[in-house]
Amino acid sequence: MISDNIAHINARIKVAAQTSGRNAHDVRLIAVSKRKPLAALQEALNGGQKDFGENYLQEAVAKIAAISGPAIFHFIGPLQSNKAKLAVSHFDYIHTVDRLKIAKSLAKHATDMGKTQKVLIQVNVGREGQKSGVLPEDTEELLNRMQEYPALEICGFMTMPPFAQEPEANRRYFSELRELGQGFQQQGLLAAQSPLELSMGMSGDYEVAIEEGATMIRVGTAIFGVRDEQG
Ligand SMILES: *Cc1c(COP(=O)(O)O)cnc(C)c1O
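Read on for a plain summary of the structure. (Residues numbered from 1 in each chain as written. Predicted model: local features only at pLDDT ≥ 70, side-chain atom pairs only at ≥ 80, totals over all residues. Heavy atoms only, no water.)

## Considerations on the overall build of the protein
Within the protein one finds nine helices and eight strands. Counting only C-alpha atoms, the protein reaches 45 × 40 × 35 Å along its principal axes. Taken across its 231 residues, the protein has 52% of its residues classed as buried. (Helix = DSSP H or I, 4+ residues; strand = E, 2+ residues; numbered from the N terminus. Buried < 20%, exposed > 50% of the residue type's maximum accessible area, 1.4 Å probe, protein only.)

Below, the structure written as structure tokens:
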């Protein structure tokens, strides 16, 4: 059933990419497996799913240690500096860098481990007071200051728009993130070796996100079913 859901989503990714003149290979499906058991991840991985997103470090670390096969892990939850070491040692990508303090601790641990850590900057394009993410107008300064951390490979941007019933309501936030990202890329503030990554779109709105340029979509419920608790 998990594999059926993934196949269904991949088919819809293809259509959304085609309608917007993009190549479906440029859209990476991240299966968000937070609060789901290892067996669910293993089933998805065995069916060919490669990328997984997790929000809670302790929970994720246990699954990462136990899963068998070449999975790629993305950290998409809120991050504290005292957990930076654990994040760097377990995750291929960290999507939620939104302040200098976090960037600095990630860079320190990546340097200690001799790793180049791929990161994305989380931008609060919806300007919601309670939400994580750097405000659009503060993003340039954060990027400028992060240039002094060569251990961090800045791949692009991530956003979580305000909750909306209608996926179309989020289109403007997705296009704002794309425009912001393209501008910073032109200014040379991103890692030169990577294409611009845009991590945006979830179960309810990933097609709109793809139409607006998403290169990574983070889909949980539509793959694994509803979670016991929201998180
Ligand atoms: C939980 C979560 C998702 C997945 O949400 P669904 O609606 O279940 O697809 C995506 N991104 C982040 C940051 C999340 O926390």
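## Observations concerning the pattern of salt bridges
Using the criterion set out here, one finds 15 salt bridges in the structure. Glu54 is paired through a salt bridge with Lys63; the nearest N and O atoms lie 2.9 Å apart. Residue Glu54 is classed as buried on the basis of its relative accessible area of 0%. The salt bridge involving Glu179 is made with Arg178; its shortest N-O contact spans 3.7 Å. Through salt bridges with shared partners, a single ionic network connects Glu168, Arg171, Arg178, Glu179, Glu211 and Glu212. (Salt bridge = Lys/Arg side-chain N within 4 Å of Asp/Glu carboxyl O.)

## Some details on the side chain of Thr96
Examined against the element boundaries, Thr96 turns out to sit in strand 4 (residues 93-97). The buried category is assigned to Thr96, whose relative accessible area is 4%. Thr96 has contacts with Phe75, Ile76, Gly77, Leu79, Leu120, Gln122 and Met158, leaving out every residue within four places of it along the chain. (Contact = heavy atoms within 4.5 Å.)

## Here we look at the layout of surface pockets
Approximately 740 Å³ is the volume found for the largest pocket. Looking at the largest pocket, it is lined by 31 residues, and the ones nearest its centre are Lys34, Met160, Phe163, Met202 and Arg227. Residues of the lining of the largest pocket, tallied by class, amount to 13 nonpolar, 13 polar and five charged. Here the second largest pocket is characterised by a volume of approximately 290 Å³. As for the second largest pocket, its lining consists of 14 residues, and the residues nearest its centre are Asn10, Ile13, Ala24, His25 and Val27. Sorting the residues of the lining of the second largest pocket by element identifies helix 1 (2-19) and strand 1 (28-32) as the ones contributing at least two each. Here the residues of the lining of the second largest pocket are counted per class, giving five nonpolar, five polar and four charged. (1 Å grid on protein atoms, 1.4 Å probe; cavity = no way out; pocket = protein on both sides within 12 Å on 5 of 7 lines; lining within 4 Å. Points joined across faces, edges and corners; volume = space filled by probe spheres on them. Nonpolar A, V, L, I, M, F, W, Y, C, P; charged D, E, K, R; others polar.)

## Looking at the packing of aromatic side chains
On inspection of all chains with the given rule, the structure shows four aromatic pairs. Pairing Phe75 with Phe91 gives two aromatic rings, centres 5.2 Å apart and planes at 70°, and the pair type is edge-to-face. Placement of the pair is Phe75 in strand 3 (residues 72-75) and Phe91 in the loop between helix 4 (84-90) and strand 4, with a sequence separation of 16 residues. In this structure an aromatic cluster arises from ring pairing among Phe52, Phe73, Phe75 and Phe91. (Phe/Tyr/Trp six-rings, centres within 6.5 Å; stacked < 30°, edge-to-face > 60°.)

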